[in-house]
Amino acid sequence: MKYTELATLLKNAAEQGTANAIKEEQPVPDQLTKADAYRLYGRSNVDRWLREGLISIGQSTDTSQIFFGRSELEAVAASSNRITYLPARDR
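To keep things clear, this report deals only with the structure shown in the data block. Bear in mind that the values here come from a model prediction, so they are computed numbers and not experimental data.

Rules used throughout
- Residues numbered from 1 in each chain as written.
- Predicted model: local features only at pLDDT ≥ 70, side-chain atom pairs only at ≥ 80, totals over all residues.
- Heavy atoms only, no water.
- Buried < 20%, exposed > 50% of the residue type's maximum accessible area, 1.4 Å probe, protein only.
- Helix = DSSP H or I, 4+ residues; strand = E, 2+ residues; numbered from the N terminus.
- Arc of directions from axis to C-beta.
- Contact = heavy atoms within 4.5 Å.
- Salt bridge = Lys/Arg side-chain N within 4 Å of Asp/Glu carboxyl O.
- Pairing = 2+ DSSP bridges.
- Axes fitted to C-alpha atoms, helices over the stretch in contact; angles between N-to-C directions.
- Patch = residues over 30% accessible without salt bridge, like charges linked within 9 Å, V, L, I, M, F, W, Y side chains within 5 Å.
- Areas by Shrake-Rupley, 256 points an atom, 1.4 Å probe, with all protein chains shown as cover.
- Nonpolar A, V, L, I, M, F, W, Y, C, P; charged D, E, K, R; others polar.
- Core = buried A, V, L, I, M, F, W, Y, C linked by side-chain atoms within 4.5 Å.

Examining helix α3 (residues 43-51)
Three or more residues of α3 are buried, namely Asn45, Val46 and Trp49. Seen along its axis, α3 keeps its buried residues to an arc of 95°; they face one direction. Away from its buried face, by an angle of more than 90 degrees, α3 presents the exposed residues Arg43, Ser44 and Arg51. The secondary structure elements touched by the buried residues of α3 are α2 (34-41), β3 (66-69) and α4 (70-79). Gly53 occupies a position one or two residues after α3 and carries a positive phi of about 75°.

Written out as structure tokens, the structure reads:
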């Protein structure tokens, strides 16, 4: 096994372990409201991802609120050229 493959495996294992620990200690909702997505990833990014068809909108049946899948947002953010996303208030 090459060094880069091992490093990638360890990185992925650490990320998965962290995600599992956070989920056990503090359950994270599977869906985010549009306002939460804007706050976490930035309005311009979320709107651009929507225009480009990278994320899809889900809508609650009992309210008119718009939701996004957390895993879908995280995947698009991870594949984006930006390494980290700061909430708008922290920029």
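Some remarks on the pattern of salt bridges
Going through the model one piece at a time under the given rule, you end up with five salt bridges. Ionic pairing is found between Glu74 and Arg70, a salt bridge with its closest N-O pair at 3.7 Å. Within this pair, Glu74 and its partner Arg70 are both found in helix α4, separated by four residues, close to a single helical turn. Taking the relative accessible area as the measure of exposure, Arg70 reaches 17% and is therefore buried.

Considering the sheet that holds strand β1 (residues 31-33)
Strand order in the open sheet formed by three strands is β1-β3-β2, with antiparallel pairing between adjacent strands. Every other strand in the sheet has two partners, leaving β1 and β2 (58-59) as the edge strands with one partner each. Most of the contacts of α2 go to β1, to which it runs at about 90°, and overall it touches β1 and β3. Taken strand by strand, α4 contacts β1 and β3, and its axis lies near 60° from that of β3.

With respect to a nonpolar patch on the surface
A cluster of nonpolar side chains, Met1, Leu6, Leu9 and Leu10, forms an exposed patch at the surface whose accessible area comes to about 450 Å². Following the sequence through the fold, Met1 ends up in the segment before α1 (3-25). A relative accessible area of 73% places Met1 in the exposed class.

What to know about the packing of α2 against α3
At their nearest, the axes of α2 and α3 sit 6 Å apart, and the two run at 115° to each other. Mapping the contact onto sequence places Ala37, Tyr38 and Tyr41 in α2 and Arg43, Asn45, Val46, Asp47 and Trp49 in α3. Residue classes in the contact of α2 with α3 are distributed as five nonpolar, one polar and two charged.

Concerning the nonpolar core
Within the largest apolar cluster, eleven residues are counted, these being Leu32, Ala37, Tyr38, Tyr41, Val46, Trp49, Ile55, Phe68, Leu73, Val76 and Ala77. Of all elements in the fold, only α2, α3 and α4 reach the threshold of two or more residues within this core. Among residues more than four places away in sequence, those in contact with Leu32 are Ala37, Leu40, Tyr41, Ile66, Phe67, Phe68, Arg70 and Leu73.

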